[in-house]
Amino acid sequence: MLKVMIVEDEPLIRAGLKHYFPWEQLGVGGIVEAENGKAGVDVALREKPDLIVTDIRMPEMNGLEMIEQLKPLLPNASFIILTGYNEFKYAQEAIRLGVVQEYLLKPLEYDVSMEAITACINRLEQKREERRKKQDFEAKAAELTKWQYGQAVKQLMDGSLSDLPGWRQLLGLNEQSEPTYVALAASCFGRGGLQQERKWRQTAEQLIGKAAADISPAHRLMGYMSRGRLYVLLVLAGLSDPAEAGLLLSKRLASSLNPLHPDTQLYLSVGAATSDPAQAGVALKSAGQSLLQRFASPEQWLISADQGPVDESPAGGDRFVSLHPDDRKKLQACLEQGDSAAAGELMDRLREQSEKALPHIQAEQWLVFLQEIINVTLRFAHKEGIPTQGVSSEKLLDLSFVHDYGTLESLFDYLALWVVHLNDIYSKQAHSASQENAVFSQIKGFIEKNIDQELSLQMVADHFFYNPSYLSRLFKSKLNQNYLSFVTEIRIDYAKKLLRDPNRLVTDVCAMCGYKSYKHFVKMFRLVAGATPTDYRRQLGIMH
């Protein structure tokens with residue numbers, strides 16, 4: 001809806017204009033007033049009207065002077081002037097100069113005036129639609145550029161970027177440009193585990209972008225999300241010393257406050273700065289690995305990937321992490337016996353060992369230690385004929401699951417659960433068919449417990465130690481439906497229960513069932529229940 005402002009020093013004329021035209025039918029949702037040009041400037045800047053109808057001759061400031069002030073401040077507004085025959089030349093000159101779009105000649109003739117108002121409103125709507133299309137185009141172009149930046153970062157990290165001229169063209173660099181590249185990585189954790197990626201990614205990029213702008217106004221931020229981590233490559237122009245640029249960026253970031261909620265922690269790792277794109281890819285991977293140093297210092301949100309751990313332990317002390325032969329035997333016993341208390345006790349001890357060692361070793365050394373634990377469990381699975389794809393996710397096999405946890409305690413709790421889970425499958429192999437069917441009941445319970453959250457197949461697969469592809473096939477082969485329809489049915493069944501309470505708004509039910517879009521909720525409800533939520537209530541005899 002449009003907003004109109006009427007500027008006229010005669011109260012009766014202002015009142016008449018408000019009721020003279022069928023403003024609501026013309027798409028006007030509100031009308032504000034001002035008694036002269038000076039007041040009109042104040043009201044217009046506060047109310048941001050789309051159309052301003054103004055007299056010319058007024059005390060304190062006339063209409064043309066007011067328009068002259070407002071034109072650059074409200075570039076999308078249109079102006080119509082009220083004029084008499086003796087002022088007609090001013091109106092013609094204002095239109096010729098493009099200051100106003102139409103004029104209303106006193107005394108007003110309804111048909112002529114209505115035609116002028118309608119023409120002006122039509123132009124406003126046309127310009128609004130053009131701006132909307134332009135914004136949509138720019139948003140899509142920005143999304144495409146963002147995606148291209150992300151793919152370029154991925155290629156850098158994979159070592160597969162071969163088209164350097166194309167890389168320079170993507171960044172808008174000429175042949176003489178030698179920018180500085182600074183590698184960063186970020187992750188975010190809270191009480192609920194890994195936080196929603198879109199929100200914290202935006203926060204992290206804003207934080208990095210602000211620090212970069214202080215160093216080089218001509219900069220580009222290239223971001224790529226992978227397995228819960230954000231990789232950022234900053235491209236800084238006009239700097240001759242990469243090392244100095246990296247140091248300045250770290251100082252700017254260090255002076256920033258962690259901008260997230262007290263219960264949520266954003267971790268940021270600053271890697272090496274270089275003028276070589278190939279080296280930037282290496283630095284990005286190093287920055288990602290350095291995020292694991294957060295386990296050693298959970299309160300330190302900014303990590304230097306260059307510095308690495310400081311070795312302060314005595315020689316032969318707790319510097320090296322390795323799975324002791326006795327712990328191997330105990331892990332094997334936990335797998336065979338399924339003793340959850342013993343598994344928890346073992347994992348607590350391995351966690352304490354990690355806590356002592358992490359400040360003094362590189363992240364890669366600790367990952368080798370974790371790999372030893374995973375290998376013992378996988379050998380047990382192979383020995384007992386347990387299909388690996390059914391009991392482990394890809395993230396577990398390649399150790400990327402460690403980036404889903406904010407604390408060592410939660411990580412080792414997860415491993416303890418996995419050990420018990422493997423034993424459960426081992427002890428029930430004779431009833432494998434019933435075991436597969438039982439997992440659907442467990443998944444349903446998990447979804448019902450977290451029904452107001454986004455529940456991706458990857459999230460459920462990770463929680464139940466399944467490979468997502470294997471779990472997807474299991475849904476189709478055993479239930480003859482895909483995971484998405486399974487979740488939708490559970491959400492809609494829950495929605496039906498909530499809708500039986502007449503005191504609940506449908507919009508509240510939508511959010512409680514985990515839908516972010518009300519329109520999508522209604523569409524899914526109609527698809528499953530055969531009626532809209534409102535019609536469903538009517539069928540139950542509930543009116544709200």
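See the structure printed just above.
About the criteria used
Residues numbered from 1 in each chain as written. Predicted model: local features only at pLDDT ≥ 70, side-chain atom pairs only at ≥ 80, totals over all residues. Heavy atoms only, no water. Axes fitted to C-alpha atoms, helices over the stretch in contact; angles between N-to-C directions. Helix = DSSP H or I, 4+ residues; strand = E, 2+ residues; numbered from the N terminus. Parallel < 35°, antiparallel > 145°, perpendicular 65-115°, else oblique. Left-handed = near helix turned anticlockwise from the far one by under 90°. Contact = heavy atoms within 4.5 Å. Nonpolar A, V, L, I, M, F, W, Y, C, P; charged D, E, K, R; others polar. Buried < 20%, exposed > 50% of the residue type's maximum accessible area, 1.4 Å probe, protein only. Pairing = 2+ DSSP bridges. Right-handed = clockwise from strand over helix to strand, strands pointing away. Core = buried A, V, L, I, M, F, W, Y, C linked by side-chain atoms within 4.5 Å.

K.L.:
What should I look at first to understand the packing of helix α10 (residues 325–337) against helix α12 (residues 363–383) in this one?
P.N.:
Contact geometry of α10 with α12 gives a least axis separation of 10 Å together with a crossing angle of 45 degrees. The angle between α10 and α12 places the two elements in the oblique class. In this structure, α10 crosses over α12, and the sense of that crossing is right-handed. Here R328, L331, Q332, L335 and E336 of α10 lie close against α12, whose contacting residues are E372, I373, V376, T377, R379 and F380. Here the contact of α10 with α12 is built from residues that sort into five nonpolar, two polar and four charged.

K.L.:
Quick question: what am I supposed to make of the pairing of strand β1 (residues 2–7) here?
P.N.:
When a strand is regular, its side chains alternate between the sheet's two faces. Across the six residues of β1, five count as buried, placing the element largely inside the fold. Taken together, the six bridges between β1 and strand β2 (residues 28–34) define a ladder with parallel strand orientation. The residue of β2 that forms the bridge with M5 is V32. Following the chain from β1 across helix α1 (residues 11–20) to the adjacent parallel β2, one finds a crossover that is right-handed. Here β1 runs beside strand β3 (residues 51–55); their pairing, made up of four bridges, is parallel. For I6, the partnering residue across the bridge sits in β3 and is V53.

K.L.:
Where do I start with the pairing of strand β8 (residues 219–226) in this structure?
P.N.:
Here eight bridges tie β8 to strand β9 (residues 229–236), and the two strands are oriented antiparallel to one another. If you follow M225 over to β9, its bridge partner there is L230. Taken together, β8 and the strand that follows it, β9, pair antiparallel across an intervening segment of two residues, in which R227 is found at a positive phi of about 50 degrees.

K.L.:
For this particular structure, what's the right way to read the nonpolar core?
P.N.:
Considering soluble globular proteins, one finds that nonpolar side chains tend to be buried as a cluster. Among the nonpolar cores identified, the biggest contains 42 residues, and W366, L370, F401, L411, F412 and L415 are the most heavily contacted of them. Listing elements by their share of this core, those giving two or more residues are α10, α11 (340–357), α12 and α15 (408–427). Broken down by element, the residue count for this core peaks at 11 residues, all from α12. Not counting chain neighbours up to four residues away, the residues in contact with L411 comprise F295, W366, L370, F401, V402 and Y405.

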